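# Residue-level structural notes
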Amino acid sequence: MKKLLGVVLLFTVLSCNTKEPTEFSEAALNDNMITLDGSSIAFKDILKQYEGKTVFVDVWASWCGDCIKNMPKVKALQEKYTDVVYLFLSLDRGPKSWKKGIEKYNVTGEHYFIPSADDSAFTDFADVGWIPRYMVVGPQGNIKLFEAVEADDERIIENLINN
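Residues numbered from 1 in each chain as written. Predicted model: local features only at pLDDT ≥ 70, side-chain atom pairs only at ≥ 80, totals over all residues. Heavy atoms only, no water.

Okay, the overall build of the chain next. Summing up its helical and strand segments, the chain has 7 helices and 7 strands in all. If you list the helices and strands of the chain from N to C, you get α-α-β-β-α-β-α-β-α-β-α-β-β-α. Going through the 163 residues of the chain one by one, you find that 44% of them count as buried. In the chain, the proportion of contacts linking residues at least 24 apart, taken out of those at least 6 apart, comes to 62%. (Helix = DSSP H or I, 4+ residues; strand = E, 2+ residues; numbered from the N terminus. Buried < 20%, exposed > 50% of the residue type's maximum accessible area, 1.4 Å probe, protein only. Contact = heavy atoms within 4.5 Å.)

Here Q78 shows up in helix 4 (residues 65–80). We classify Q78 as buried; its relative accessible area is 15%. Once residues lying within four places of it in the same chain are set aside, the contact partners of Q78 are Y86, F88 and T108.

Here the focus is the environment of S97. Within the secondary structure layout, S97 lies in helix 5 (residues 95–104). On the accessibility criterion, S97 (29% relative accessible area) is partly exposed. With 35 residues separating them along the chain, S97 and S62 place their C-alpha atoms 7.1 Å apart. In this structure S97 touches S62 and D92, once residues within four positions along its chain are discounted.

The subject of this paragraph is the state of the cysteines. Tallied over the entire structure, the rule returns 1 disulfide. Disulfide pairing is shown between C64 and C67; the S-S distance is 2.5 Å. Its S-S torsion of approximately 80° makes the covalent link between C64 and C67 right-handed. (Disulfide = S-S within 2.5 Å.)

Before going further, it helps to examine the pattern of salt bridges. Throughout the structure, instances matching the rule amount to 4 salt bridges. E150 is the partner of K73 in a salt bridge, and the nearest nitrogen-oxygen pair spans 3.1 Å. Of this pair, K73 sits in helix 4 while E150 sits in the loop between strand 7 (143–148) and helix 7 (154–161), and the two are 77 residues apart along the sequence. With a shortest N-O distance of 3.6 Å, D152 and K73 are connected by a salt bridge. One end of the pair, D152, is in the loop between strand 7 and helix 7; the other, K73, is in helix 4, and 79 residues separate them in sequence. (Salt bridge = Lys/Arg side-chain N within 4 Å of Asp/Glu carboxyl O.)

What follows is about unusual backbone geometry. In this model, I131 is joined to P132 through a cis peptide bond whose omega is 5°. Inspection of the secondary structure assignment puts P132 in the loop between helix 6 (121–126) and strand 6 (133–137). Phi is positive for N106, which is not a glycine, with a value near 50°. If you trace the backbone, N106 turns up in the loop between helix 5 and strand 5 (110–113). Of note in this structure, D127 is not a glycine but carries a positive phi near 55°.

Printed below as a string of structure tokens:
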């Protein structure tokens, strides 16, 4: 019985796909987001603007208590790692609340709104089930850190330093 239990446990562990993606899917790259001036831009074109730089991605919303609680930690990262691009992708309910949240919480960085968060190729790819959600994208556009939910996660710092 112990052997059978061991085999079942080993099979379960080995069959789980725990590898995180290192590249964005084509659908996620082609997903359209809204700029502060109201125009539409594909996620791949957003990333293209920051080629050669490390990008810290913060998926957030102004209504999200955990997002707001983590903002001081994000601001601490911004003060310490000044050569990093800070990209904020909002899941707010609409552009008005998104812009109001940026101002209210003094969120500095690059801002984009995901207009259909429930039906977004980006959020589907990233499997965003909880926010805040943090990612780190390397200078070549590859995903260095796929998922963190605390802005002071050591893996964020490691990936900001090692790029």
